[in-house]
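Listed below, chain by chain, are the residues.
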Amino acid sequence: MSEKALISAIYLRDGADTGRHAAKGEGDIDEPIWLHFNVAGPDAKADVKKAAPYIDDAMIEALCATDTRPRVEEFENEYLVILRGINLNPEEDPEDMVSLRIWSDGSHVISAQRRPVYAARKLAAKLEAADTPASSSEVIVGLTVNIIENMASPIADLMEEIDELELEMIDGGRPEHRIKLADLRHKVLLLRRYFNPLRAAVGLLKDLATTWLGEKYTRKLRNAHDDLTRHLEDLDAARDRLQFQQEELVTVLSDKLNRNMYTLSIVAAIFLPLGFLTGLFGINVGGMPGVENDVAFWVVTGGCTAIAGALALFFRRSGWF
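Everything numeric here is computed off the predicted structure, so don't read it as measured data.

### Some points on the nonpolar core
Part 1 of the argument: If you look at the biggest cluster of nonpolar residues, it comprises 56 residues, and the most contacted ones within it are Trp34, Ile102, Leu143, Met151, Phe195 and Leu213.
Part 2 of the argument: Those elements giving two or more residues to this core turn out to be β5 (78-85), β6 (98-104), α3 (118-130), α4 (136-149), α5 (152-170), α6 (177-212) and α7 (215-281).
Part 3 of the argument: The contact partners of Met151, leaving out residues within four places of it in the chain, are Arg84, Gly85, Ile86, Met97, Phe195, Leu198, Leu228 and His231.
Part 4 of the argument: Judged by nonpolar contacts, the second largest core, of 19 residues, contains Leu63, Ile82, Trp103 and Ile110.

And the structure:
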C-alpha cells in the first residue's frame, strides 16, 4: 500500500464497549472501520481495494474519479455520496472547492479525497479524541455537517467584502472598482455552481436517512440542509447586489464621461468662432485691415475676448452649464 494513500482508520461501533483506533497505514483490518484515503496517487485504486476488499470495482472507480459533481446514489444496500466543500487549504482560493467521496454499506465507510478536506480531518480528530465507539451513521452525517458548517466563515467574509465595496462606491464609482466587482462576481458564481447540486444531494441524503441513518441523524441532516439553503440564499442575494452595483458603476462612469464630453462640447462651441476669426486674420493675402497699424493686434485680441465672454454668458443664461 502506498505510504500516503491511507490517511486514517477509525473503528466503528461493532458491539464493543469502547472504540479503538487503527494506526495509520497498518494494512488490512477485519473489523468494521472508517477508512479515509488520498486517491490522488497513481496506485490509489489498488490501495483502496487492498484495504477494503468488500467494495466492488465500480464504487472504487467512483471514489477515485478525477472530476465529480455532488450527488447521492443508492445501490441496494450500498450508498455513494459525493460532496463538495469550500477549500480551506492555505494559500488556495475558497471557491476552488474540494471533493469528498463517501461509500457505505451500513457497516463500513470508505471516504476519499484528492486534495485535503478539512471536514474529514476535523471529524477524525474528534472521534479519536472522544475514545468512544462511532457508528457509520455518525461518520457519514458528521462529514456532511462539517462540510456545510465550514462554509459559514468564508461566505461571511465574502459578504463583508461586498459590503465594503458598496460603501466605497457610495462615495463615487471609480474604474478600479470594475476589477473588484468582476473578482467578487467570479467567486459568487463559482460557489453557486456547486451549491445548487450540493443542496440537491444533501436533500436526497436527508430523505434516505429516515430509513438508512435513523431519526437522530435525519434531524441533523435536516438542520444542515437548512443551513446550506441559507448559504445559497446569501449567495443569490450577493449575486443580485453585485449585479446592481455593476449597473450603478456603469451609470456613474457613463455620467462622468457624458459630463466631460459636454464640457468639451461647450469649450469647442466657444472657441469655434474664435478659430474662424484667427484663421481669417491669419491668411497671407493683401488688403488685410490693420496690417500697418501697431494697435490692430490688441484690437483683434480684445474682440476675440469679448466674443468668448459673450458666448459664455449666452450658454450660462441658456442653462447649458
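### Things to note about the pattern of salt bridges
Part 1 of the argument: One pass over the structure, following the stated rule, counts 17 salt bridges.
Part 2 of the argument: The salt bridge involving Lys49 is made with Asp57; its shortest N-O contact spans 3.7 Å.
Part 3 of the argument: Residue Lys49 is classed as partly exposed on the basis of its relative accessible area of 31%.
Part 4 of the argument: A salt bridge links Glu168 to Lys180, with the shortest nitrogen-to-oxygen separation between them at 3.1 Å. Of this pair, Glu168 sits in helix α5 while Lys180 sits in helix α6, and the two are 12 residues apart along the sequence.
Part 5 of the argument: The partly exposed category is assigned to Lys180, whose relative accessible area is 38%.
Part 6 of the argument: Put simply, Glu92, Asp96 and Arg115 are held in one network by salt bridges that share partners.

### Examining the environment of Asp93
Part 1 of the argument: Structurally, Asp93 is set in the loop between β5 and β6.
Part 2 of the argument: Between the C-alpha atom of Asp93 and that of Lys187, which follows or precedes it by 94 residues, the distance is 9.0 Å.

### Some remarks on the confidence of the model for the protein chain
Part 1 of the argument: In this model, the protein chain carries a mean pLDDT of 79, and residues with pLDDT of at least 70 account for 82%.
Part 2 of the argument: Averaged over each element, pLDDT in the protein chain is lowest for strand β2 (residues 21-22) (40) and highest for β6 (92).
Part 3 of the argument: Confidence over residues 12-30 falls short of pLDDT 50; this stretch has 38 contacts with residues more than four positions distant or in other chains.

### Quick notes on the pairing of strand β4 (residues 71-75)
Side chains on a regular strand alternate between the two faces of the sheet.
Part 1 of the argument: As judged from the 5 bridges shared by β4 and β5, these two strands associate in the antiparallel manner. When the sheet's bridge partners are listed, Glu73 is paired in β5 with Leu80.
Part 2 of the argument: Once β4 ends, the chain turns through 2 residues before running back antiparallel as β5, passing Glu76 with a positive phi of about 55°.

### Let's talk about the side chain of His225
Part 1 of the argument: As for its position among the elements, His225 is in helix α7.
Part 2 of the argument: The exposure class assigned to His225 is buried, which follows from its relative accessible area of 16%.
Part 3 of the argument: Here Arg199 takes part through its backbone oxygen, which lies 3.3 Å from a polar atom of the side chain of His225.
Part 4 of the argument: Residues in contact with His225, not counting those within four places in the same chain, are Arg199, Val202, Gly203 and Lys206.

### Here we look at unusual backbone geometry
Part 1 of the argument: Even without glycine at this site, Glu91 takes up a positive phi of about 60°.
Part 2 of the argument: Mapped onto the fold, Glu91 is located in the loop between β5 and β6.
Part 3 of the argument: Of the residues examined, Glu91 reaches a relative accessible area of 86% and is grouped as exposed.

### A short note on the packing of α4 against α6
The relative placement of two packed helices is expressed as an angle between their axes plus a distance between the axes.
Part 1 of the argument: One can describe the packing of α4 onto α6 by two numbers: an axis separation of 12 Å at closest approach and a directional angle of 155°. The angle between α4 and α6 falls in the class roughly antiparallel. Read as a crossing pair, α4 and α6 show a hand that is left-handed. Contacts from Ser137, Ile140, Thr144 and Ile148 of α4 reach α6 at Val202, Leu205 and Trp212.
Part 2 of the argument: Across the contact of α4 with α6, the residue classes break down as 5 nonpolar, 2 polar and no charged.

The rules behind these values
Positions within a chain are numbered from 1, following the residues in the order the chain's sequence is written. Per-residue local features are limited, in this predicted model, to residues with pLDDT of at least 70; the limit for side-chain atom pairs, both in listing and counting, is 80 or more; totals at the level of whole chains, interfaces and linings are taken over all residues. To obtain the side-chain values, all non-hydrogen atoms of the structure were included, while hydrogens and water were left out. What makes a nonpolar core is a set of buried Ala, Val, Leu, Ile, Met, Phe, Trp, Tyr and Cys residues whose side-chain atoms join them at distances within 4.5 Å. For every residue, the accessible area (1.4 Å probe, protein chains only) is compared with the maximum for its type, and the residue is labelled buried under 20%, exposed over 50%, or partly exposed between those bounds. The helix and strand labels rest on DSSP assignments: H or I over at least four residues marks a helix, E over at least two residues marks a strand, and numbering proceeds from the N terminus. What makes two residues a contact is simply this: any of their non-hydrogen atoms within 4.5 Å. Here, a salt bridge means any Lys or Arg side-chain nitrogen found within 4 Å of an Asp or Glu carboxyl oxygen. The pLDDT value expresses, per residue, how confident the predictor is, ranging between 0 and 100. Strands pair, by our definition, only if DSSP identifies at least two bridges between them. Polar contacts, as used here, are pairs of N or O atoms within 3.5 Å; protein pairs need one atom able to donate a hydrogen and one able to accept it. Residues neighboring in sequence count only if both atoms are side-chain atoms. An axis is simply a line fitted to the C-alpha atoms; with a helix, the fit covers only the stretch in contact. Between two such axes, the angle follows the N-to-C directions and lies from 0 to 180 degrees. Angle categories are assigned with fixed cut-offs, so that under 35 degrees is roughly parallel, over 145 is roughly antiparallel, 65 to 115 is roughly perpendicular, and the rest are oblique. Less than a right angle of anticlockwise turn of the near helix away from the far helix marks a crossing as left-handed, whereas a clockwise turn marks it as right-handed. For this scheme, ten residues count as nonpolar: Ala, Val, Leu, Ile, Met, Phe, Trp, Tyr, Cys and Pro. Four count as charged, namely Asp, Glu, Lys and Arg, and the remainder, Gly too, count as polar.

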